[in-house]
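Spelled out from the first residue to the last, the chains are:
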Amino acid sequence: MIPLTSTESFICDLSGVSLKNVGFTLSQNGKSIFNGLGEVLFTHFGLSGPLVLTASAYINFAKPLNMKAIIDLKPGLDDIKLNKRILRDFEENKNKNIENALFSLIIRRLIPVILNKSGINKDKKVNEITLIDRKNLVKTIKGLTVDINGTRPIKEAIITRGGVSTKEIDASTMKSKLAQGILFAGEVIDIDALTGGYNLQIAFSTGYLAGINS
(Lines give C-alpha, C1' and ligand atoms only; values in the text may rest on other atoms or scores of the structure.)
Protein backbone atom coordinates (compact mmCIF):
# COMPACT_ATOMS: atom_id res chain seq x y z
CA MET A 1 0.00 0.00 0.00
CA ILE A 2 1.53 3.28 -1.15
CA PRO A 3 0.51 6.95 -1.72
CA LEU A 4 -0.30 8.10 -5.27
CA THR A 5 1.32 11.00 -7.13
CA SER A 6 -0.23 13.58 -9.44
CA THR A 7 1.00 16.52 -11.49
CA GLU A 8 -2.38 18.30 -11.45
CA SER A 9 -1.74 22.04 -10.95
CA PHE A 10 -4.10 22.35 -7.98
CA ILE A 11 -2.57 19.55 -5.87
CA CYS A 12 -0.08 21.73 -3.98
CA ASP A 13 -2.82 24.28 -3.25
CA LEU A 14 -4.81 21.56 -1.48
CA SER A 15 -1.91 20.07 0.47
CA GLY A 16 -3.11 19.17 3.95
CA VAL A 17 -6.82 19.08 3.07
CA SER A 18 -8.47 15.98 4.52
CA LEU A 19 -11.80 14.81 3.10
CA LYS A 20 -13.83 12.54 5.34
CA ASN A 21 -16.77 10.35 4.33
CA VAL A 22 -16.18 10.75 0.60
CA GLY A 23 -16.54 8.20 -2.16
CA PHE A 24 -13.31 7.20 -3.89
CA THR A 25 -12.83 5.32 -7.15
CA LEU A 26 -9.48 4.42 -8.70
CA SER A 27 -9.42 3.46 -12.36
CA GLN A 28 -6.58 2.04 -14.41
CA ASN A 29 -6.61 2.03 -18.21
CA GLY A 30 -10.26 3.08 -18.14
CA LYS A 31 -11.38 0.26 -15.84
CA SER A 32 -12.48 0.76 -12.24
CA ILE A 33 -10.21 -1.26 -9.94
CA PHE A 34 -11.35 0.04 -6.55
CA ASN A 35 -14.39 1.73 -5.00
CA GLY A 36 -14.68 2.74 -1.36
CA LEU A 37 -16.02 5.22 1.18
CA GLY A 38 -13.86 6.94 3.77
CA GLU A 39 -11.02 9.45 4.08
CA VAL A 40 -8.75 10.95 1.41
CA LEU A 41 -5.82 13.26 2.13
CA PHE A 42 -4.34 15.75 -0.33
CA THR A 43 -0.55 16.09 -0.05
CA HIS A 44 2.09 18.18 -1.81
CA PHE A 45 2.76 15.25 -4.16
CA GLY A 46 -0.74 13.84 -4.73
CA LEU A 47 -3.14 11.72 -2.69
CA SER A 48 -2.84 9.65 0.46
CA GLY A 49 -5.04 8.60 3.37
CA PRO A 50 -6.70 5.27 4.23
CA LEU A 51 -8.81 4.95 1.08
CA VAL A 52 -5.92 5.77 -1.25
CA LEU A 53 -3.52 3.37 0.47
CA THR A 54 -6.07 0.56 0.26
CA ALA A 55 -6.83 1.37 -3.40
CA SER A 56 -3.13 1.20 -4.31
CA ALA A 57 -3.11 -2.50 -3.40
CA TYR A 58 -5.24 -3.16 -6.50
CA ILE A 59 -2.90 -1.49 -9.02
CA ASN A 60 -1.55 -3.77 -11.73
CA PHE A 61 2.06 -2.61 -12.00
CA ALA A 62 2.64 -4.95 -14.92
CA LYS A 63 0.49 -2.67 -17.10
CA PRO A 64 0.89 1.04 -17.94
CA LEU A 65 -0.38 2.94 -14.90
CA ASN A 66 -2.72 5.36 -16.77
CA MET A 67 -4.77 5.99 -13.62
CA LYS A 68 -7.47 8.38 -12.52
CA ALA A 69 -8.85 8.99 -9.04
CA ILE A 70 -12.48 10.07 -8.85
CA ILE A 71 -13.71 11.63 -5.61
CA ASP A 72 -17.42 11.90 -4.80
CA LEU A 73 -17.57 14.79 -2.32
CA LYS A 74 -21.23 14.15 -1.47
CA PRO A 75 -21.83 10.37 -1.64
CA GLY A 76 -24.94 10.69 0.51
CA LEU A 77 -26.70 12.80 -2.13
CA ASP A 78 -27.63 11.68 -5.63
CA ASP A 79 -27.56 14.20 -8.49
CA ILE A 80 -31.19 15.27 -7.96
CA LYS A 81 -30.84 15.85 -4.21
CA LEU A 82 -27.53 17.65 -4.65
CA ASN A 83 -29.06 19.93 -7.28
CA LYS A 84 -31.90 20.80 -4.88
CA ARG A 85 -29.37 21.55 -2.13
CA ILE A 86 -27.43 23.84 -4.47
CA LEU A 87 -30.62 25.64 -5.51
CA ARG A 88 -31.49 26.22 -1.85
CA ASP A 89 -28.05 27.68 -1.16
CA PHE A 90 -28.27 29.82 -4.27
CA GLU A 91 -31.66 31.18 -3.20
CA GLU A 92 -30.12 32.29 0.10
CA ASN A 93 -27.11 33.88 -1.62
CA LYS A 94 -28.52 35.10 -4.93
CA ASN A 95 -26.62 38.41 -4.90
CA LYS A 96 -23.22 36.94 -3.99
CA ASN A 97 -20.41 35.72 -6.18
CA ILE A 98 -20.64 31.97 -6.76
CA GLU A 99 -17.34 31.51 -4.88
CA ASN A 100 -18.96 32.93 -1.73
CA ALA A 101 -22.18 30.95 -2.05
CA LEU A 102 -20.71 27.45 -1.65
CA PHE A 103 -19.09 27.70 1.80
CA SER A 104 -21.79 25.64 3.51
CA LEU A 105 -21.52 22.88 0.89
CA ILE A 106 -17.81 22.54 0.07
CA ILE A 107 -14.58 22.98 2.02
CA ARG A 108 -13.37 26.54 1.34
CA ARG A 109 -10.01 25.53 -0.17
CA LEU A 110 -11.75 23.18 -2.59
CA ILE A 111 -14.15 25.76 -4.01
CA PRO A 112 -11.74 27.34 -6.57
CA VAL A 113 -10.83 23.86 -7.84
CA ILE A 114 -14.47 22.79 -8.14
CA LEU A 115 -15.41 25.98 -10.00
CA ASN A 116 -12.43 25.70 -12.35
CA LYS A 117 -13.21 22.05 -13.12
CA SER A 118 -16.84 23.06 -13.71
CA GLY A 119 -15.86 25.85 -16.10
CA ILE A 120 -17.45 28.55 -13.92
CA ASN A 121 -15.81 31.93 -13.28
CA LYS A 122 -15.41 32.37 -9.52
CA ASP A 123 -16.59 35.99 -9.80
CA LYS A 124 -19.83 35.09 -11.55
CA LYS A 125 -22.93 36.13 -9.61
CA VAL A 126 -25.23 33.41 -8.33
CA ASN A 127 -28.17 34.93 -10.21
CA GLU A 128 -26.15 34.58 -13.43
CA ILE A 129 -25.53 30.84 -13.03
CA THR A 130 -27.13 28.90 -15.89
CA LEU A 131 -28.72 25.48 -15.89
CA ILE A 132 -25.64 24.13 -17.70
CA ASP A 133 -23.38 25.71 -15.06
CA ARG A 134 -25.38 24.01 -12.33
CA LYS A 135 -25.27 20.63 -14.07
CA ASN A 136 -21.49 20.94 -14.45
CA LEU A 137 -21.20 21.89 -10.79
CA VAL A 138 -23.17 18.82 -9.70
CA LYS A 139 -21.10 16.60 -12.00
CA THR A 140 -17.82 17.92 -10.59
CA ILE A 141 -18.88 17.65 -6.94
CA LYS A 142 -19.99 14.06 -7.54
CA GLY A 143 -16.88 13.21 -9.54
CA LEU A 144 -13.82 15.35 -8.87
CA THR A 145 -11.23 13.74 -11.13
CA VAL A 146 -7.50 13.69 -10.39
CA ASP A 147 -5.03 12.36 -12.96
CA ILE A 148 -2.57 9.97 -11.30
CA ASN A 149 0.88 9.65 -12.85
CA GLY A 150 2.50 7.19 -10.46
CA THR A 151 3.23 6.21 -6.88
CA ARG A 152 5.66 7.34 -4.22
CA PRO A 153 8.99 5.47 -3.77
CA ILE A 154 8.84 1.96 -2.35
CA LYS A 155 10.54 3.18 0.85
CA GLU A 156 7.34 5.11 1.64
CA ALA A 157 5.10 2.07 1.26
CA ILE A 158 3.05 1.05 4.30
CA ILE A 159 3.05 -2.62 3.31
CA THR A 160 5.06 -4.41 0.62
CA ARG A 161 4.32 -7.63 -1.25
CA GLY A 162 6.56 -10.56 -2.09
CA GLY A 163 8.91 -12.67 -0.01
CA VAL A 164 9.24 -16.30 0.98
CA SER A 165 6.33 -18.44 -0.23
CA THR A 166 4.04 -19.73 2.53
CA LYS A 167 4.25 -23.14 0.80
CA GLU A 168 7.88 -23.31 1.91
CA ILE A 169 7.10 -22.57 5.59
CA ASP A 170 5.65 -24.76 8.35
CA ALA A 171 2.73 -22.57 9.50
CA SER A 172 2.79 -24.05 13.03
CA THR A 173 6.44 -23.19 13.69
CA MET A 174 7.49 -20.69 10.98
CA LYS A 175 10.39 -23.01 10.16
CA SER A 176 11.61 -23.41 6.60
CA LYS A 177 10.61 -26.65 4.91
CA LEU A 178 13.68 -26.40 2.67
CA ALA A 179 16.53 -25.44 4.98
CA GLN A 180 17.11 -26.59 8.55
CA GLY A 181 17.41 -23.95 11.28
CA ILE A 182 15.86 -21.07 9.34
CA LEU A 183 12.64 -19.39 10.51
CA PHE A 184 10.62 -16.58 8.93
CA ALA A 185 8.35 -13.85 10.28
CA GLY A 186 6.58 -10.67 9.23
CA GLU A 187 7.09 -9.08 5.84
CA VAL A 188 9.83 -11.46 4.72
CA ILE A 189 6.90 -13.83 4.09
CA ASP A 190 4.84 -13.43 0.91
CA ILE A 191 1.62 -12.47 2.69
CA ASP A 192 -0.17 -9.13 3.10
CA ALA A 193 -3.55 -7.68 4.01
CA LEU A 194 -5.36 -4.45 3.12
CA THR A 195 -5.16 -2.65 6.46
CA GLY A 196 -2.32 -1.89 8.84
CA GLY A 197 -4.01 -3.71 11.71
CA TYR A 198 -4.13 -7.05 9.94
CA ASN A 199 -0.54 -6.71 8.81
CA LEU A 200 0.59 -5.90 12.33
CA GLN A 201 -1.24 -8.99 13.57
CA ILE A 202 0.53 -11.09 10.95
CA ALA A 203 3.88 -9.72 12.15
CA PHE A 204 3.06 -10.30 15.84
CA SER A 205 1.73 -13.82 15.34
CA THR A 206 4.44 -15.09 13.02
CA GLY A 207 7.09 -13.43 15.17
CA TYR A 208 5.73 -15.13 18.30
CA LEU A 209 5.68 -18.55 16.63
CA ALA A 210 9.18 -18.09 15.27
CA GLY A 211 10.37 -17.00 18.70
CA ILE A 212 9.03 -19.96 20.66
CA ASN A 213 10.26 -22.41 18.05
CA SER A 214 13.77 -21.07 17.57
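The structure this text deals with has already been given above.
Every value quoted in this text rests on a predicted model; they were computed, and no experiment measured them. (Residues numbered from 1 in each chain as written. Predicted model: local features only at pLDDT ≥ 70, side-chain atom pairs only at ≥ 80, totals over all residues. Heavy atoms only, no water.)

1. Thoughts on the overall build of the protein
Consideration 1: A tally of regular secondary structure across the protein gives five helices and nine strands.
Consideration 2: Counted from the first residue to the last, the protein has its helices and strands arranged as β-β-β-β-α-β-α-α-α-β-β-β-β-α.
Consideration 3: In terms of C-alpha radius of gyration, the protein reaches 23 Å, well past the compact-globule figure of 17 Å for 214 residues.
Consideration 4: With respect to the principal axes defined by its C-alpha atoms, the protein has extents near 80 × 30 × 25 Å.
Consideration 5: For the protein, with 214 residues in total, the buried portion stands at 42%.
Consideration 6: Sequence-distant contacts in the protein: of pairs separated by 6 or more residues, those separated by 24 or more amount to 69%.
Consideration 7: With an accessible surface of roughly 11,800 Å², the protein has 54% of that area assigned to carbon and sulfur atoms.
Consideration 8: Charge centroids of the protein, computed over 27 positive and 20 negative side chains, lie 3 Å from each other. (Helix = DSSP H or I, 4+ residues; strand = E, 2+ residues; numbered from the N terminus. Rg over C-alpha atoms; globule rule 2.2 N^0.38 Å. Buried < 20%, exposed > 50% of the residue type's maximum accessible area, 1.4 Å probe, protein only. Contact = heavy atoms within 4.5 Å. Areas by Shrake-Rupley, 256 points an atom, 1.4 Å probe, with all protein chains shown as cover. Lys, Arg positive; Asp, Glu negative; His and termini not counted. Charge placed at Lys NZ, Arg CZ, Asp CG, Glu CD.)

2. Observations concerning the nonpolar core
Buried together is how nonpolar side chains tend to be arranged in soluble globular proteins.
Consideration 1: Counting 43 residues, the largest nonpolar core has Phe24 and Phe42 as the members making the most contacts within it.
Consideration 2: Elements that contribute at least two residues to this core include exactly strand 2 (18-28), strand 3 (31-42), helix 1 (50-56), strand 5 (67-72), helix 2 (79-92), helix 3 (111-118), helix 4 (131-142) and strand 6 (144-148). (Core = buried A, V, L, I, M, F, W, Y, C linked by side-chain atoms within 4.5 Å.)

3. Things to note about the sheet that holds strand 7 (residues 150-151)
Consideration 1: Taken in spatial order, the seven strands of this open sheet run 6-5-2-3-4-1-7, and their pairing is antiparallel. Of all strands in the sheet, those bounded by a partner on one side alone are strand 6 and strand 7.
Consideration 2: Bridge count for strand 5 against strand 6 is five bridges, and the pairing is antiparallel. Bridging from a neighbouring strand, lysine 68 pairs with aspartate 147 of strand 6.
Consideration 3: Its contacts with the sheet put helix 4 on strand 5 and strand 6, and the angle it makes with strand 5 is roughly 110 degrees. (Pairing = 2+ DSSP bridges. Axes fitted to C-alpha atoms, helices over the stretch in contact; angles between N-to-C directions.)

4. Some details on unusual backbone geometry
Consideration 1: Within the chain, asparagine 29 stands out as a residue other than glycine whose phi angle is a positive 55 degrees.
Consideration 2: Assignment of secondary structure puts asparagine 29 in the loop between strand 2 and strand 3.
Consideration 3: Judged by relative accessible area, which is 36%, asparagine 29 ranks as partly exposed.
Consideration 4: A positive phi is found at methionine 174, a non-glycine position, where the angle reads about 70 degrees.
Consideration 5: Inspection of the secondary structure puts methionine 174 in the loop between strand 8 (169-170) and strand 9 (175-176).
Consideration 6: Residue class for methionine 174 comes out buried when judged on its relative accessible area of 7%.

5. With respect to the pattern of salt bridges
Consideration 1: What the rule picks out here adds up to nine salt bridges.
Consideration 2: Notably, a salt bridge pairs lysine 117 with glutamate 8, separated by 3.5 Å at the nearest N-O pair. Of this pair, lysine 117 sits in helix 3 while glutamate 8 is found in the loop between strand 1 (4-5) and strand 2, placing the two residues 109 residues apart along the sequence.
Consideration 3: Classification of lysine 117 by relative accessible area gives partly exposed; the value is 36%.
Consideration 4: A relative accessible area of 18% places glutamate 8 in the buried class. (Salt bridge = Lys/Arg side-chain N within 4 Å of Asp/Glu carboxyl O.)

6. Some remarks on the layout of surface pockets
Consideration 1: Roughly 210 Å³ of volume is contained in the largest pocket.
Consideration 2: Around the largest pocket sit Met1, Ile2, Ser56, Ala57, Phe61, Ile154, Ala157, Ile159, Thr160, Arg161 and Asp192, which together line it.
Consideration 3: Classifying every residue of the lining of the largest pocket gives seven nonpolar, two polar and two charged. (1 Å grid on protein atoms, 1.4 Å probe; cavity = no way out; pocket = protein on both sides within 12 Å on 5 of 7 lines; lining within 4 Å. Points joined across faces, edges and corners; volume = space filled by probe spheres on them. Nonpolar A, V, L, I, M, F, W, Y, C, P; charged D, E, K, R; others polar.)

7. With respect to the packing of helix 2 against helix 4
How two helices sit against one another is set out by the angle between their axes and by the gap between those axes.
Consideration 1: Two elements in contact, helix 2 and helix 4, have axes separated by 10 Å at closest approach and are oriented at 120 degrees. Relative to helix 4, helix 2 is oriented oblique. For the crossing formed where helix 2 meets helix 4, the hand is right-handed. Contacts from Asp79, Leu82, Asn83, Ile86, Leu87 and Phe90 of helix 2 reach helix 4 at Arg134, Leu137, Val138, Ile141 and Lys142. (Parallel < 35°, antiparallel > 145°, perpendicular 65-115°, else oblique. Left-handed = near helix turned anticlockwise from the far one by under 90°.)

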